Amino acid sequence: GAIFHEDGITGTSLRATRFVRRALVTAQVAIAFVLLIGAGLMLASFEEILALDLGYETDNVLTGQVTLTQARYPQVSDQRALTDAVLAEIRVMPGVVAAGATSSFPLSGNYNDSVILAEGYAMSPGESLITPAQMRVTPGYLEAMGIELIQGRYFDDTDVEGAFAAILLDEQLAEKFWPDVNPLGRRLYYPTDMDDITAITQDTVFLNVVGVVENIALRDVVREQGDTVGAYYLPLAQSSSRGLTLAVKTAAEPTSVANPIRGALAVPRAPPRPSRR
């Protein structure tokens, strides 16, 4: 083995070197102690986070991301057909309780903020427009995530393209626009006149409130005091998204369905072609 020689070091230098080494060892121990204290604080904070009500479930929920490429699924109809087919296959797998997909998964940062207005809502002087988080979801997604329905109904298979435009609000947004009125059946809309942002024009498309769901921790696990921006959900069948996150709620260990789901996604599925006459 190699032998290390401390050549050219005087007795004084050697003592100084040993002192520095002892000091470094002491410093390392001190740093380790600080890190342990930090780890303890982090553990305490993590336990507090686990105790928070995030508004959705994490037990027995399997999630995974899917991207629908432009090359293979160029049309919105192609994207919807694939999503419907895969979810239909997943929902009949043994042990699956509910399954759905979303364009924006909680805490991912992948969501759109969009100005939205409520029909008949009178803004106070100096009040600013709000930009709630917009999420597009399939039937079954909110159920799989355990996001509680407060009023009305979840999205279902009737919320398709061509049907009246549906929207689900969280409690914050419902309270913002209709604090003392039942929001079911009320309507929201996007601005169409930039000169008069609240104006209703011939291009205005109304979104009909079919339900209210509980607030969730979307942006951060710690919700800001006084945050009343809120969020809303649109049926994926009445919109579109190439990037989706699947959420599958299972009765037992969710990894048991991971491979079957991968298999369902791996099956080549040709997009629908126009029929020939």
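Let us look at the structure shown here. Since we're looking at a predicted model, the values are computed, not measured.

### Some thoughts on the overall build of the protein chain
- Looking only at helices and strands, the protein chain features 5 helices and 11 strands.
- Among the 277 residues that make up the protein chain, the fraction classed as buried is 37%.
- For the protein chain, contacts bridging at least 24 residues in sequence account for 77% of all contacts bridging at least 6.
- Entry remark: accessible area of the protein chain is about 16500 Å², with carbon and sulfur atoms responsible for 56%.

### Some thoughts on the pattern of salt bridges
- The tally for this structure, following the rule as stated, stands at 5 salt bridges.
- Salt-bridge contacts for Lys 176 lead to Glu 127; the nearest nitrogen and oxygen are separated by 2.8 Å. Note that Lys 176 is positioned in helix H4 (residues 171-177) and Glu 127 in the loop between strand S4 (117-118) and strand S5 (133-137), a separation of 49 residues in sequence.
- Under the relative-accessibility criterion, Lys 176 is labelled partly exposed at 22%.
- The shortest N-O distance in the salt bridge between Arg 153 and Asp 159 comes to 2.8 Å.
- Residue Arg 153 is classed as partly exposed on the basis of its relative accessible area of 24%.
- Using a relative accessible area of 2% as the deciding quantity, one classes Asp 159 as buried.
- One salt-bridge network, in which partners are shared between bridges, spans Arg 153, Asp 156 and Asp 159.

### Some points on the packing of aromatic side chains
- By the definition in use, this model includes 3 aromatic pairs.
- Ring geometry for Tyr 121 and Phe 177: centres 5.2 Å apart, planes at 75°, overall edge-to-face. Pair noted here: Tyr 121 is in the loop between S4 and S5 and Phe 177 is in helix H4, with a separation of 56 residues, a long-range link.
- The partly exposed category is assigned to Tyr 121, whose relative accessible area is 27%.
- Ring centres of Tyr 189 and Phe 206 lie 5.8 Å apart, and the angle between their planes is 70°; on these two criteria the pair is classed as edge-to-face. On the criterion of sequence distance, the pair formed by Tyr 189 in strand S8 (residues 187-189) and Phe 206 in strand S9 (residues 206-213) is long-range, its members being 17 residues apart. When sorted by exposure, Tyr 189 lands in the same class as Phe 206, which is buried.
- Pairwise contacts between aromatic rings join Tyr 121, Phe 177 and Trp 178 into one cluster.
- For Arg 187, the ring lying beneath its charged end belongs to Phe 206, and the centroid distance is 3.6 Å.

### With respect to the environment of Arg 80
- Within the secondary structure, Arg 80 sits in helix H2 (residues 76-91).
- What makes Arg 80 buried here is its relative accessible area of 18%.
- Between the C-alpha atoms of Arg 80 and Leu 236, which are 156 residues apart in sequence, the distance is 8.0 Å.
- Residues within four places of Arg 80 in sequence aside, it is in contact with Glu 161, Leu 236, Ala 237, Gln 238 and Ser 239.

What counts, and at which threshold
- Every residue gets a number counted from 1 within its own chain, in the order that chain's sequence is written.
- For a predicted model such as this one, the threshold for reporting local features is a pLDDT of at least 70, and the threshold for listing and counting side-chain atom pairs is 80 or more; totals across whole chains, interfaces and linings nevertheless cover every residue.
- Side-chain figures throughout are based on the complete set of non-hydrogen atoms in the structure, without hydrogens or water.
- The way it works is that DSSP assigns letters per residue, a run of H or I at least four long becomes a helix, a run of E at least two long becomes a strand, and they are numbered from the N terminus.
- For every residue, the accessible area (1.4 Å probe, protein chains only) is compared with the maximum for its type, and the residue is labelled buried under 20%, exposed over 50%, or partly exposed between those bounds.
- Should any heavy atoms of two residues lie within 4.5 Å, those residues are counted as being in contact.
- Surface accessibility follows the Shrake-Rupley procedure with a 1.4 Å probe radius. Residue values consider only the protein chains on display as shielding.
- Whenever Lys or Arg places a side-chain nitrogen within 4 Å of a carboxyl oxygen from Asp or Glu, that contact is recorded as a salt bridge.
- Two aromatic rings, drawn from Phe, Tyr or Trp (for Trp, its six-membered ring), form a pair once their centres lie within 6.5 Å of each other, and the interplanar angle then sorts them: stacked below 30 degrees, edge-to-face above 60, tilted otherwise.
- Here, over-ring charges are defined by two tests on the NZ atom of lysine or the CZ atom of arginine: distance to the ring centre within 6 Å, and angle to the ring normal within 35 degrees.

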